[in-house]
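The chain contents come next:
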Amino acid sequence: MVIAEVQDLVKSYSSFELKNISFGLESGRITGFIGRNGAGKTTTIKAMLNMIHPDSGTVRYFGKPFLGNEADIKKRIGYSTGTVSWYPRKKIRDIVNIVKRFYDTWDEAAYRNYLDIFAIDEIKTPLELSEGMKVKVNLMLALAHKSEVLILDEPTSGLDPFSRNELLGVFTKLRNSGVTVFFSTHIISDIEKCADDIIYISKGQIIAAMPKADFIRQYSEPGETLEDTVLRLEGGGAHA
Amino acid sequence: MRNILRKEMRLSASVLSYLFILFGLMFFLPGYPVLCGAFFVTIGIFQGFQTAREANDIVFSSLLPIAKRDIVKGKYMFVCLIESCAFLLMALAVIIRITVFSDSVVYRSNALMNANLFALGMACVIFGLFNWIFVGGFFKTAYKIGRPFVVYIIVAFLVIILAEALHHVPGLEMLNAFGTDDIAIQLIMLAAGFFIFLLMTVLSCMRAYKQFERIDL
(Lines give C-alpha, C1' and ligand atoms only; values in the text may rest on other atoms or scores of the structure.)
Protein backbone atom coordinates (compact mmCIF):
# COMPACT_ATOMS: atom_id res chain seq x y z
CA MET A 1 0.00 0.00 0.00
CA VAL A 2 1.31 3.44 -0.92
CA ILE A 3 1.34 5.51 2.27
CA ALA A 4 2.89 8.67 0.87
CA GLU A 5 2.79 9.90 -2.67
CA VAL A 6 4.58 12.72 -4.45
CA GLN A 7 3.18 13.65 -7.84
CA ASP A 8 4.65 15.92 -10.51
CA LEU A 9 6.48 18.16 -8.07
CA VAL A 10 8.13 21.10 -9.79
CA LYS A 11 10.21 23.80 -8.15
CA SER A 12 12.38 26.22 -10.07
CA TYR A 13 15.22 28.30 -8.72
CA SER A 14 17.53 30.45 -10.81
CA SER A 15 20.22 27.78 -10.94
CA PHE A 16 18.34 24.59 -10.12
CA GLU A 17 15.07 22.90 -10.91
CA LEU A 18 13.13 19.96 -9.54
CA LYS A 19 11.61 18.36 -12.60
CA ASN A 20 8.28 16.55 -12.24
CA ILE A 21 9.28 14.55 -9.19
CA SER A 22 6.93 11.61 -8.71
CA PHE A 23 7.24 8.59 -6.45
CA GLY A 24 5.37 6.66 -3.78
CA LEU A 25 6.44 5.24 -0.45
CA GLU A 26 5.25 1.74 0.29
CA SER A 27 3.93 1.12 3.78
CA GLY A 28 6.23 -0.77 6.16
CA ARG A 29 9.33 -0.48 3.99
CA ILE A 30 12.62 1.37 4.15
CA THR A 31 13.17 3.62 1.17
CA GLY A 32 16.59 5.13 0.55
CA PHE A 33 16.66 8.43 -1.32
CA ILE A 34 20.04 8.70 -2.96
CA GLY A 35 21.78 11.31 -5.00
CA ARG A 36 24.87 13.43 -4.85
CA ASN A 37 25.04 16.75 -2.99
CA GLY A 38 22.81 19.27 -4.74
CA ALA A 39 20.81 16.64 -6.62
CA GLY A 40 17.56 17.87 -5.03
CA LYS A 41 17.08 15.51 -2.09
CA THR A 42 16.59 18.16 0.60
CA THR A 43 14.46 20.34 -1.69
CA THR A 44 12.20 17.38 -2.40
CA ILE A 45 11.91 16.51 1.28
CA LYS A 46 11.16 20.11 2.22
CA ALA A 47 8.48 20.24 -0.47
CA MET A 48 7.03 17.03 0.96
CA LEU A 49 6.62 18.88 4.28
CA ASN A 50 5.34 22.18 2.86
CA MET A 51 8.53 23.88 4.02
CA ILE A 52 9.05 25.11 0.50
CA HIS A 53 6.30 26.12 -1.83
CA PRO A 54 6.43 24.06 -5.05
CA ASP A 55 5.51 25.67 -8.37
CA SER A 56 3.21 22.71 -9.03
CA GLY A 57 2.57 19.15 -7.94
CA THR A 58 0.89 17.45 -5.00
CA VAL A 59 1.95 15.55 -1.91
CA ARG A 60 -0.41 13.07 -0.27
CA TYR A 61 -0.09 11.06 2.92
CA PHE A 62 -2.49 8.33 3.99
CA GLY A 63 -4.54 9.10 0.88
CA LYS A 64 -5.10 12.74 1.89
CA PRO A 65 -3.50 15.85 0.37
CA PHE A 66 -0.94 17.39 2.72
CA LEU A 67 -2.23 20.90 2.13
CA GLY A 68 -5.42 21.28 4.09
CA ASN A 69 -4.60 18.35 6.40
CA GLU A 70 -1.18 19.57 7.53
CA ALA A 71 -1.66 19.39 11.29
CA ASP A 72 -3.30 15.94 11.30
CA ILE A 73 -0.76 14.44 8.91
CA LYS A 74 2.21 15.91 10.81
CA LYS A 75 1.02 14.12 13.94
CA ARG A 76 1.43 10.82 12.10
CA ILE A 77 4.79 11.50 10.50
CA GLY A 78 8.20 12.29 11.94
CA TYR A 79 10.85 14.45 10.33
CA SER A 80 14.46 14.85 11.22
CA THR A 81 17.35 16.64 9.66
CA GLY A 82 20.91 16.15 10.64
CA THR A 83 22.22 19.56 9.81
CA VAL A 84 20.31 22.08 11.90
CA SER A 85 20.07 22.51 15.64
CA TRP A 86 17.25 24.31 17.39
CA TYR A 87 17.48 26.55 20.45
CA PRO A 88 21.22 26.01 21.00
CA ARG A 89 21.14 27.24 24.61
CA LYS A 90 18.01 25.45 25.82
CA LYS A 91 18.27 22.12 27.59
CA ILE A 92 17.17 19.11 25.54
CA ARG A 93 14.74 18.29 28.35
CA ASP A 94 13.08 21.70 28.06
CA ILE A 95 12.73 21.40 24.30
CA VAL A 96 11.25 17.90 24.64
CA ASN A 97 8.84 19.09 27.34
CA ILE A 98 7.38 21.54 24.86
CA VAL A 99 7.39 19.25 21.82
CA LYS A 100 5.66 16.31 23.50
CA ARG A 101 2.59 18.38 24.31
CA PHE A 102 1.82 18.62 20.60
CA TYR A 103 1.44 14.85 20.25
CA ASP A 104 -1.37 12.75 21.70
CA THR A 105 0.70 9.73 20.73
CA TRP A 106 3.87 10.78 22.59
CA ASP A 107 5.42 7.66 24.11
CA GLU A 108 7.41 8.62 27.21
CA ALA A 109 8.76 5.08 27.61
CA ALA A 110 9.99 5.04 24.01
CA TYR A 111 11.54 8.47 24.55
CA ARG A 112 13.41 7.23 27.66
CA ASN A 113 14.46 4.17 25.71
CA TYR A 114 15.92 6.25 22.86
CA LEU A 115 17.70 8.45 25.39
CA ASP A 116 19.47 5.28 26.54
CA ILE A 117 20.07 3.83 23.09
CA PHE A 118 21.56 7.05 21.76
CA ALA A 119 23.28 7.90 25.09
CA ILE A 120 21.76 11.40 25.13
CA ASP A 121 22.08 13.49 28.27
CA GLU A 122 18.87 15.53 28.32
CA ILE A 123 20.40 18.10 30.64
CA LYS A 124 22.77 19.21 27.89
CA THR A 125 22.01 21.95 25.40
CA PRO A 126 22.36 21.47 21.62
CA LEU A 127 25.38 23.77 21.81
CA GLU A 128 27.14 21.19 23.97
CA LEU A 129 26.46 18.32 21.55
CA SER A 130 28.51 17.06 18.65
CA GLU A 131 26.96 17.06 15.17
CA GLY A 132 26.33 13.34 15.50
CA MET A 133 24.52 13.77 18.81
CA LYS A 134 22.38 16.53 17.33
CA VAL A 135 21.28 14.10 14.63
CA LYS A 136 20.32 11.62 17.34
CA VAL A 137 18.33 14.22 19.30
CA ASN A 138 16.37 15.18 16.19
CA LEU A 139 15.80 11.54 15.42
CA MET A 140 14.67 10.81 18.97
CA LEU A 141 12.08 13.60 18.73
CA ALA A 142 10.80 12.08 15.48
CA LEU A 143 10.68 8.57 16.92
CA ALA A 144 9.10 9.21 20.31
CA HIS A 145 5.66 10.14 19.01
CA LYS A 146 5.09 6.81 17.27
CA SER A 147 5.33 8.14 13.73
CA GLU A 148 3.84 5.92 11.05
CA VAL A 149 6.14 7.48 8.48
CA LEU A 150 9.64 8.73 9.23
CA ILE A 151 11.15 11.23 6.82
CA LEU A 152 14.81 11.70 7.54
CA ASP A 153 17.13 14.03 5.70
CA GLU A 154 20.71 12.76 5.83
CA PRO A 155 20.23 11.10 9.24
CA THR A 156 23.52 9.22 9.08
CA SER A 157 25.69 12.15 8.02
CA GLY A 158 28.13 13.10 10.75
CA LEU A 159 27.65 9.87 12.67
CA ASP A 160 30.54 7.58 13.50
CA PRO A 161 30.38 4.06 11.98
CA PHE A 162 29.14 2.56 15.27
CA SER A 163 26.30 5.05 15.62
CA ARG A 164 25.44 4.67 11.94
CA ASN A 165 25.20 0.95 12.37
CA GLU A 166 23.03 1.36 15.47
CA LEU A 167 20.80 3.75 13.59
CA LEU A 168 20.38 1.44 10.62
CA GLY A 169 19.48 -1.28 13.13
CA VAL A 170 16.82 1.04 14.58
CA PHE A 171 15.42 1.62 11.07
CA THR A 172 15.18 -2.13 10.51
CA LYS A 173 13.40 -2.65 13.84
CA LEU A 174 10.98 0.16 13.04
CA ARG A 175 10.31 -1.29 9.60
CA ASN A 176 9.64 -4.66 11.17
CA SER A 177 7.10 -3.04 13.47
CA GLY A 178 5.28 -1.53 10.47
CA VAL A 179 6.82 1.95 10.32
CA THR A 180 7.63 3.38 6.89
CA VAL A 181 11.11 4.86 6.77
CA PHE A 182 12.22 7.27 4.07
CA PHE A 183 15.74 8.60 4.39
CA SER A 184 18.02 10.54 2.13
CA THR A 185 21.71 9.90 2.03
CA HIS A 186 24.75 10.09 -0.14
CA ILE A 187 26.30 7.16 1.75
CA ILE A 188 25.37 4.32 -0.56
CA SER A 189 26.50 1.60 1.86
CA ASP A 190 23.68 2.68 4.22
CA ILE A 191 21.20 1.92 1.48
CA GLU A 192 22.93 -1.34 0.72
CA LYS A 193 22.60 -2.40 4.37
CA CYS A 194 18.98 -1.72 5.13
CA ALA A 195 16.85 -0.24 2.31
CA ASP A 196 14.09 -2.20 0.62
CA ASP A 197 13.45 0.40 -2.07
CA ILE A 198 15.59 2.98 -3.80
CA ILE A 199 14.71 6.35 -5.20
CA TYR A 200 17.61 7.79 -7.15
CA ILE A 201 17.65 11.47 -8.01
CA SER A 202 20.13 13.26 -10.21
CA LYS A 203 20.12 16.93 -11.26
CA GLY A 204 16.61 17.45 -9.94
CA GLN A 205 15.15 14.49 -11.79
CA ILE A 206 14.10 11.06 -10.57
CA ILE A 207 16.15 8.50 -12.43
CA ALA A 208 14.78 5.40 -10.73
CA ALA A 209 12.18 4.56 -8.06
CA MET A 210 11.93 0.83 -7.49
CA PRO A 211 12.74 -2.04 -5.11
CA LYS A 212 16.47 -2.29 -4.41
CA ALA A 213 16.67 -5.77 -5.96
CA ASP A 214 15.12 -4.46 -9.20
CA PHE A 215 17.48 -1.49 -9.22
CA ILE A 216 20.49 -3.76 -8.93
CA ARG A 217 19.11 -6.10 -11.58
CA GLN A 218 18.42 -3.22 -13.97
CA TYR A 219 21.46 -1.01 -13.47
CA SER A 220 24.31 -3.03 -11.97
CA GLU A 221 26.96 -4.71 -14.03
CA PRO A 222 28.42 -8.04 -12.91
CA GLY A 223 30.65 -7.74 -9.84
CA GLU A 224 29.59 -4.15 -9.07
CA THR A 225 28.52 -3.00 -5.64
CA LEU A 226 25.56 -0.64 -5.38
CA GLU A 227 28.00 2.19 -4.73
CA ASP A 228 29.94 1.33 -7.91
CA THR A 229 26.71 1.34 -9.86
CA VAL A 230 25.57 4.73 -8.60
CA LEU A 231 29.03 6.20 -9.13
CA ARG A 232 29.06 4.91 -12.68
CA LEU A 233 25.59 6.28 -13.36
CA GLU A 234 26.56 9.67 -11.95
CA GLY A 235 29.91 9.76 -13.70
CA GLY A 236 28.47 8.81 -17.05
CA GLY A 237 25.39 10.98 -16.57
CA ALA A 238 23.31 8.00 -17.62
CA HIS A 239 19.59 8.49 -17.46
CA ALA A 240 17.04 5.71 -17.73
CA MET B 1 -3.17 27.07 20.35
CA ARG B 2 -2.21 26.82 24.00
CA ASN B 3 0.72 24.61 23.03
CA ILE B 4 2.07 26.98 20.41
CA LEU B 5 1.77 29.90 22.83
CA ARG B 6 3.60 27.88 25.47
CA LYS B 7 6.32 27.15 22.93
CA GLU B 8 6.61 30.86 22.15
CA MET B 9 6.88 31.73 25.84
CA ARG B 10 9.31 29.01 26.89
CA LEU B 11 11.49 28.47 23.83
CA SER B 12 11.25 31.39 21.44
CA ALA B 13 11.04 34.42 23.71
CA SER B 14 13.96 36.41 25.05
CA VAL B 15 14.10 37.22 28.77
CA LEU B 16 14.11 40.85 27.70
CA SER B 17 10.64 40.42 26.17
CA TYR B 18 9.38 39.84 29.71
CA LEU B 19 11.62 42.31 31.53
CA PHE B 20 10.76 45.15 29.18
CA ILE B 21 7.09 44.83 30.11
CA LEU B 22 8.11 46.86 33.16
CA PHE B 23 8.63 49.87 30.91
CA GLY B 24 4.86 50.13 31.06
CA LEU B 25 5.44 51.66 34.50
CA MET B 26 7.04 54.66 32.78
CA PHE B 27 3.50 56.00 32.73
CA PHE B 28 4.23 57.03 36.30
CA LEU B 29 7.14 59.28 35.30
CA PRO B 30 6.47 63.01 35.47
CA GLY B 31 7.89 65.30 32.80
CA TYR B 32 8.76 62.41 30.53
CA PRO B 33 7.36 61.39 27.14
CA VAL B 34 5.37 58.48 28.56
CA LEU B 35 4.62 56.93 25.19
CA CYS B 36 8.31 55.99 24.99
CA GLY B 37 7.38 53.37 27.59
CA ALA B 38 5.18 51.63 25.01
CA PHE B 39 7.99 51.89 22.48
CA PHE B 40 10.52 50.32 24.89
CA VAL B 41 8.13 47.41 25.49
CA THR B 42 8.22 46.68 21.76
CA ILE B 43 12.04 46.72 21.80
CA GLY B 44 11.85 43.79 24.22
CA ILE B 45 9.57 41.91 21.81
CA PHE B 46 11.92 42.75 18.94
CA GLN B 47 14.75 41.22 20.96
CA GLY B 48 12.66 38.05 21.22
CA PHE B 49 12.33 37.89 17.43
CA GLN B 50 16.09 38.24 17.11
CA THR B 51 16.74 35.45 19.63
CA ALA B 52 14.18 33.21 17.94
CA ARG B 53 15.72 33.76 14.53
CA GLU B 54 19.15 32.73 15.81
CA ALA B 55 17.59 29.56 17.25
CA ASN B 56 15.98 28.52 13.91
CA ASP B 57 12.66 28.93 15.66
CA ILE B 58 10.49 29.27 12.56
CA VAL B 59 11.85 26.11 10.94
CA PHE B 60 11.47 24.24 14.22
CA SER B 61 7.86 25.42 14.47
CA SER B 62 7.18 24.34 10.90
CA LEU B 63 8.01 20.76 11.89
CA LEU B 64 5.49 20.71 14.72
CA PRO B 65 2.09 19.16 14.01
CA ILE B 66 0.39 22.47 13.35
CA ALA B 67 -0.64 24.25 10.18
CA LYS B 68 1.70 26.90 8.81
CA ARG B 69 -0.80 29.65 9.65
CA ASP B 70 -0.77 28.56 13.31
CA ILE B 71 2.93 29.49 13.49
CA VAL B 72 1.93 33.02 12.51
CA LYS B 73 -0.98 33.01 14.94
CA GLY B 74 1.32 31.86 17.76
CA LYS B 75 3.72 34.75 17.18
CA TYR B 76 0.90 37.31 17.13
CA MET B 77 -0.62 35.79 20.27
CA PHE B 78 2.68 36.05 22.09
CA VAL B 79 3.26 39.63 20.95
CA CYS B 80 -0.27 40.61 22.01
CA LEU B 81 0.23 38.88 25.37
CA ILE B 82 3.32 40.96 26.12
CA GLU B 83 1.58 44.11 24.93
CA SER B 84 -1.47 43.31 27.08
CA CYS B 85 0.69 42.86 30.18
CA ALA B 86 2.38 46.20 29.54
CA PHE B 87 -1.01 47.78 28.84
CA LEU B 88 -2.25 46.58 32.23
CA LEU B 89 0.72 48.23 33.96
CA MET B 90 0.10 51.44 32.02
CA ALA B 91 -3.61 51.30 32.86
CA LEU B 92 -2.72 50.85 36.53
CA ALA B 93 -0.47 53.90 36.38
CA VAL B 94 -3.16 55.94 34.60
CA ILE B 95 -5.84 54.95 37.14
CA ILE B 96 -3.58 55.98 40.02
CA ARG B 97 -2.64 59.23 38.29
CA ILE B 98 -6.23 60.25 37.52
CA THR B 99 -7.44 59.37 41.02
CA VAL B 100 -4.85 59.53 43.81
CA PHE B 101 -2.48 61.97 42.07
CA SER B 102 -5.02 63.99 40.07
CA ASP B 103 -3.96 67.21 41.73
CA SER B 104 -0.25 66.45 42.04
CA VAL B 105 1.82 69.52 41.16
CA VAL B 106 4.58 67.30 39.76
CA TYR B 107 2.21 65.88 37.17
CA ARG B 108 0.32 69.09 36.46
CA SER B 109 3.43 71.15 35.70
CA ASN B 110 4.23 69.03 32.68
CA ALA B 111 4.76 70.42 29.19
CA LEU B 112 4.45 66.96 27.72
CA MET B 113 1.42 64.74 27.47
CA ASN B 114 -0.34 63.79 30.68
CA ALA B 115 -0.62 60.02 31.27
CA ASN B 116 -4.39 59.90 30.92
CA LEU B 117 -6.82 57.70 28.98
CA PHE B 118 -5.88 59.41 25.72
CA ALA B 119 -2.24 58.47 26.39
CA LEU B 120 -3.36 54.91 27.02
CA GLY B 121 -5.20 54.91 23.70
CA MET B 122 -2.07 56.22 21.99
CA ALA B 123 -0.04 53.41 23.61
CA CYS B 124 -2.45 51.02 21.88
CA VAL B 125 -1.73 52.81 18.59
CA ILE B 126 2.04 52.34 19.15
CA PHE B 127 1.48 48.62 19.79
CA GLY B 128 -0.75 48.41 16.73
CA LEU B 129 1.96 50.07 14.61
CA PHE B 130 4.49 47.55 15.90
CA ASN B 131 2.22 44.66 14.95
CA TRP B 132 1.39 46.16 11.58
CA ILE B 133 4.83 47.33 10.49
CA PHE B 134 7.30 45.10 12.32
CA VAL B 135 5.54 41.77 12.91
CA GLY B 136 3.77 41.94 9.55
CA GLY B 137 7.03 42.97 7.87
CA PHE B 138 8.90 40.09 9.50
CA PHE B 139 6.54 37.56 7.96
CA LYS B 140 7.36 38.79 4.45
CA THR B 141 10.56 36.76 4.79
CA ALA B 142 10.32 35.11 8.25
CA TYR B 143 13.97 36.10 8.53
CA LYS B 144 14.69 39.79 7.94
CA ILE B 145 13.99 41.94 10.98
CA GLY B 146 16.17 45.02 10.41
CA ARG B 147 14.21 46.88 7.76
CA PRO B 148 10.73 46.48 9.28
CA PHE B 149 12.10 47.53 12.67
CA VAL B 150 13.78 50.67 11.31
CA VAL B 151 10.56 51.64 9.50
CA TYR B 152 8.62 51.00 12.70
CA ILE B 153 11.03 53.17 14.77
CA ILE B 154 10.62 56.11 12.38
CA VAL B 155 6.83 55.88 12.25
CA ALA B 156 6.50 55.24 16.00
CA PHE B 157 8.60 58.28 16.91
CA LEU B 158 6.67 60.53 14.53
CA VAL B 159 3.44 59.36 16.21
CA ILE B 160 4.93 59.82 19.69
CA ILE B 161 6.07 63.37 18.89
CA LEU B 162 2.67 64.17 17.39
CA ALA B 163 0.77 62.72 20.35
CA GLU B 164 2.97 64.46 22.92
CA ALA B 165 2.52 67.83 21.22
CA LEU B 166 -1.10 67.59 20.11
CA HIS B 167 -2.63 69.11 23.25
CA HIS B 168 -0.76 72.39 22.59
CA VAL B 169 -2.86 72.89 19.44
CA PRO B 170 -5.68 75.35 20.23
CA GLY B 171 -8.93 73.43 20.70
CA LEU B 172 -7.25 70.16 21.59
CA GLU B 173 -6.34 71.06 25.17
CA MET B 174 -8.77 68.43 26.46
CA LEU B 175 -6.39 65.72 25.26
CA ASN B 176 -4.20 66.67 28.21
CA ALA B 177 -7.04 66.29 30.72
CA PHE B 178 -6.23 65.69 34.36
CA GLY B 179 -8.22 63.50 36.71
CA THR B 180 -11.70 62.80 35.38
CA ASP B 181 -11.91 66.05 33.38
CA ASP B 182 -13.41 65.52 29.91
CA ILE B 183 -13.82 61.87 30.84
CA ALA B 184 -16.21 61.14 27.95
CA ILE B 185 -13.70 62.40 25.37
CA GLN B 186 -10.91 60.54 27.14
CA LEU B 187 -12.88 57.31 27.02
CA ILE B 188 -13.65 57.82 23.34
CA MET B 189 -9.95 58.39 22.66
CA LEU B 190 -9.05 55.20 24.55
CA ALA B 191 -11.67 53.21 22.64
CA ALA B 192 -10.47 54.69 19.34
CA GLY B 193 -6.85 53.77 20.17
CA PHE B 194 -7.87 50.25 21.08
CA PHE B 195 -9.90 49.92 17.88
CA ILE B 196 -6.91 51.07 15.80
CA PHE B 197 -4.75 48.49 17.62
CA LEU B 198 -7.23 45.72 16.87
CA LEU B 199 -7.63 46.74 13.25
CA MET B 200 -3.88 46.94 12.58
CA THR B 201 -3.20 43.67 14.39
CA VAL B 202 -5.93 41.64 12.70
CA LEU B 203 -5.19 42.99 9.21
CA SER B 204 -1.46 42.45 9.72
CA CYS B 205 -2.05 38.89 10.92
CA MET B 206 -4.25 38.07 7.91
CA ARG B 207 -1.65 39.48 5.53
CA ALA B 208 1.09 37.53 7.36
CA TYR B 209 -0.84 34.26 6.90
CA LYS B 210 -0.79 34.70 3.14
CA GLN B 211 2.81 35.83 2.96
CA PHE B 212 4.15 33.10 5.23
CA GLU B 213 2.34 30.43 3.22
CA ARG B 214 4.36 31.45 0.15
CA ILE B 215 7.74 31.51 1.89
CA ASP B 216 10.35 28.81 1.35
CA LEU B 217 11.98 27.85 4.65
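Just above sits the structure.
Residues numbered from 1 in each chain as written. Chains lettered and ligands numbered in written order. Predicted model: local features only at pLDDT ≥ 70, side-chain atom pairs only at ≥ 80, totals over all residues. Heavy atoms only, no water.

1. With respect to the overall build of chain B
Moving on, step 1. Summing up its helical and strand segments, chain B has 9 helices and 0 strands in all.
Moving on, step 2. When its helices and strands are written in sequence order, chain B yields α-α-α-α-α-α-α-α-α.
Moving on, step 3. Against the globule reference of 17 Å for 217 residues, chain B gives a C-alpha radius of gyration of 18 Å, in line with a compact fold.
Moving on, step 4. Here chain B, with 217 residues, has 55% of them falling under the buried criterion.
Moving on, step 5. Excluding contacts between residues fewer than 6 apart, the proportion of contacts in chain B whose partners are at least 24 apart in sequence is 81%.
Moving on, step 6. Counting every atom, chain B has about 9300 Å² of accessible surface; 73% of that belongs to carbon and sulfur.
Moving on, step 7. Once the 17 positive and 12 negative side-chain charges of chain B are each reduced to a mean point, those two points are 11 Å apart. (Helix = DSSP H or I, 4+ residues; strand = E, 2+ residues; numbered from the N terminus. Rg over C-alpha atoms; globule rule 2.2 N^0.38 Å. Buried < 20%, exposed > 50% of the residue type's maximum accessible area, 1.4 Å probe, protein only. Contact = heavy atoms within 4.5 Å. Areas by Shrake-Rupley, 256 points an atom, 1.4 Å probe, with all protein chains shown as cover. Lys, Arg positive; Asp, Glu negative; His and termini not counted. Charge placed at Lys NZ, Arg CZ, Asp CG, Glu CD.)

2. Some points on the sheet that holds strand β9 (residues 197-202) of chain A
Residue and element names in this part refer to chain A.
Moving on, step 1. Pairing within the open sheet is mixed, and its 6 strands lie in the order β6-β7-β8-β3-β9-β10. If you trace the sheet from one side to the other, it starts and ends with β6 (77-81) and β10 (205-211), each paired once. Here the strands of the sheet are splayed against their neighbours by 15 degrees on average, with no regard to which way each runs.
Moving on, step 2. Where β6 and strand β7 (residues 149-153) come together, 5 bridges link them in parallel fashion. By the bridge assignment, Tyr79 is partnered in β7 with Ile151. (Pairing = 2+ DSSP bridges. Axes fitted to C-alpha atoms, helices over the stretch in contact; angles between N-to-C directions.)

3. Remarks on the pairing of β9(A)
All names here are of chain A.
Moving on, step 1. Among the 6 residues in β9, 6 count as buried, and that is most of the element.
Moving on, step 2. Of the two faces of β9, the one lined by Asp197, Ile199 and Ile201 and the one lined by Ile198, Tyr200 and Ser202 are each fully buried.
Moving on, step 3. Across 4 bridges, the pairing between strand β3 (residues 30-34) and β9 is parallel. Bridging from a neighbouring strand, Gly32 pairs with Ile198 of β9.
Moving on, step 4. In this structure, β9 lies alongside β10, joined through 6 bridges in antiparallel fashion.

4. Comments concerning the environment of B:Val94
Residues and elements named next belong to chain B.
Moving on, step 1. Tracing the backbone shows Val94 in helix α5 (residues 68-98).
Moving on, step 2. On the basis of relative accessibility, which here comes to 1%, the residue Val94 falls in the buried class.
Moving on, step 3. Remark: the alpha-carbon pair of Val94 and Phe28, spanning 66 residues in sequence, is separated by 7.7 Å.
Moving on, step 4. Aside from chain neighbours lying at most four places away, what touches Val94 is Phe27, Ala115, Asn116, Leu117 and Leu120.

5. A look at the side chain of B:Ser62
Moving on, step 1. Its location among the elements puts B:Ser62 in helix α4 (residues 57-63).
Moving on, step 2. Beyond its immediate sequence surroundings of up to four residues, B:Ser62 is in contact with A:Met51, A:Lys74, B:Ile71 and B:Leu217.

6. A short note on the interface of chain B and chain A
Moving on, step 1. Across the boundary between the two partners, chain B contributes 24 residues, which contact 26 residues of chain A.
Moving on, step 2. Among the residues chain B hides against chain A, the three largest losses belong to B:Leu11, B:Leu63 and B:Pro65. Together they make up 28% of the total.
Moving on, step 3. Our count for the contact surface shared by chain B and chain A stands at 1 salt bridge.
Moving on, step 4. Listing elements by their share of the side of chain B that touches chain A, those giving two or more residues are α1 (2-12), α4 and α9 (183-214) of chain B.
Moving on, step 5. Class assignment of the residues belonging to the side of chain B that touches chain A gives a composition of 12 nonpolar, 4 polar and 8 charged. (Buried area = accessible area lost by both parts, 1.4 Å probe. Salt bridge = Lys/Arg side-chain N within 4 Å of Asp/Glu carboxyl O. Nonpolar A, V, L, I, M, F, W, Y, C, P; charged D, E, K, R; others polar.)

7. Considering the pairing of β3(A)
All names here are of chain A.
Moving on, step 1. Within β3, 5 of the 5 residues are buried, which leaves it mostly tucked inside the rest of the structure.
Moving on, step 2. A two-sided burial pattern is seen for β3, the buried positions comprising Ile30, Gly32 and Ile34 on one face and Thr31 and Phe33 on the other.
Moving on, step 3. Both β3 and strand β8 (residues 180-185) contribute to a ladder of 5 bridges, which runs parallel. The partner of Gly32 across the bridge, within β8, is Phe183.

8. Here we look at a nonpolar patch on the surface
Residue and element names in this part refer to chain B.
Moving on, step 1. Residues Trp132, Phe195, Ile196, Leu199, Val202, Leu203 and Met206 make up a contiguous nonpolar surface patch of about 640 Å² in total accessible area.
Moving on, step 2. In terms of residue count, the dominant contributor to the nonpolar patch is α9 (6 residues).
Moving on, step 3. By the secondary structure assignment, Leu199 is in helix α9. (Patch = residues over 30% accessible without salt bridge, like charges linked within 9 Å, V, L, I, M, F, W, Y side chains within 5 Å.)

9. Quick look at the packing of helix α7 (residues 117-138) of chain B against α9(B)
Residue and element names in this part refer to chain B.
Moving on, step 1. Remark: α7 packs on α9, axes separated minimally by 7 Å, with the N-to-C direction vectors making an angle of 10 degrees. Taken as axis vectors, α7 and α9 run roughly parallel relative to one another.
Moving on, step 2. Broken down by class, the residue content of the contact of α7 with α9 amounts to 17 nonpolar, 10 polar and 1 charged. (Parallel < 35°, antiparallel > 145°, perpendicular 65-115°, else oblique.)

10. Notes on the state of the cysteines
Residues and elements named next belong to chain B.
Moving on, step 1. In this structure the tally under the stated criterion is 0 disulfides over all chains.
Moving on, step 2. Here Cys36 is not disulfide-linked; the sulfur of Cys124 is the nearest cysteine sulfur, at 16 Å.
Moving on, step 3. The buried category is assigned to Cys36, whose relative accessible area is 8%.
Moving on, step 4. With no disulfide of its own, Cys80 has Cys205 as its nearest cysteine by sulfur position, at a separation of 8.1 Å. (Disulfide = S-S within 2.5 Å.)

11. Examining unusual backbone geometry
Moving on, step 1. With a phi close to 50 degrees, A:Glu154 is a non-glycine residue in the positive phi region.
Moving on, step 2. If you trace the backbone, A:Glu154 turns up in the loop between β7 and α6 (161-176).

12. Regarding the sheet that holds strand β1 (residues 2-12) of chain A
Residues and elements named next belong to chain A.
Moving on, step 1. Spatial strand order, β2-β1-β4-β5: 4 strands in an open sheet with antiparallel pairing. Of all strands in the sheet, those with a lone pairing partner are β2 (17-26) and β5 (64-65), marking the two edges.
Moving on, step 2. Taken together, the 5 bridges between β1 and strand β4 (residues 56-61) define a ladder with antiparallel strand orientation. Looking at β4, one finds that Ala4 is bridged to Tyr61.
Moving on, step 3. Strand contacts of helix α1 (residues 41-48): β1, β2 and β4, with the helix running at about 65 degrees to β2, the strand carrying the most contacts.

13. Considerations on helix α8 (residues 212-219) of chain A
In an α-helix there are 3.6 residues to a turn, and that puts residues three or four apart on one side.
Residue and element names in this part refer to chain A.
Moving on, step 1. Taken as a whole, α8 has its buried residues at Lys212, Phe215 and Tyr219. Taken around the axis of α8, the buried residues stretch over an arc of 55 degrees, which confines them to a single face. What points out from α8, more than 90 degrees from its buried face, is the exposed set Arg217 and Gln218. (Arc of directions from axis to C-beta.)

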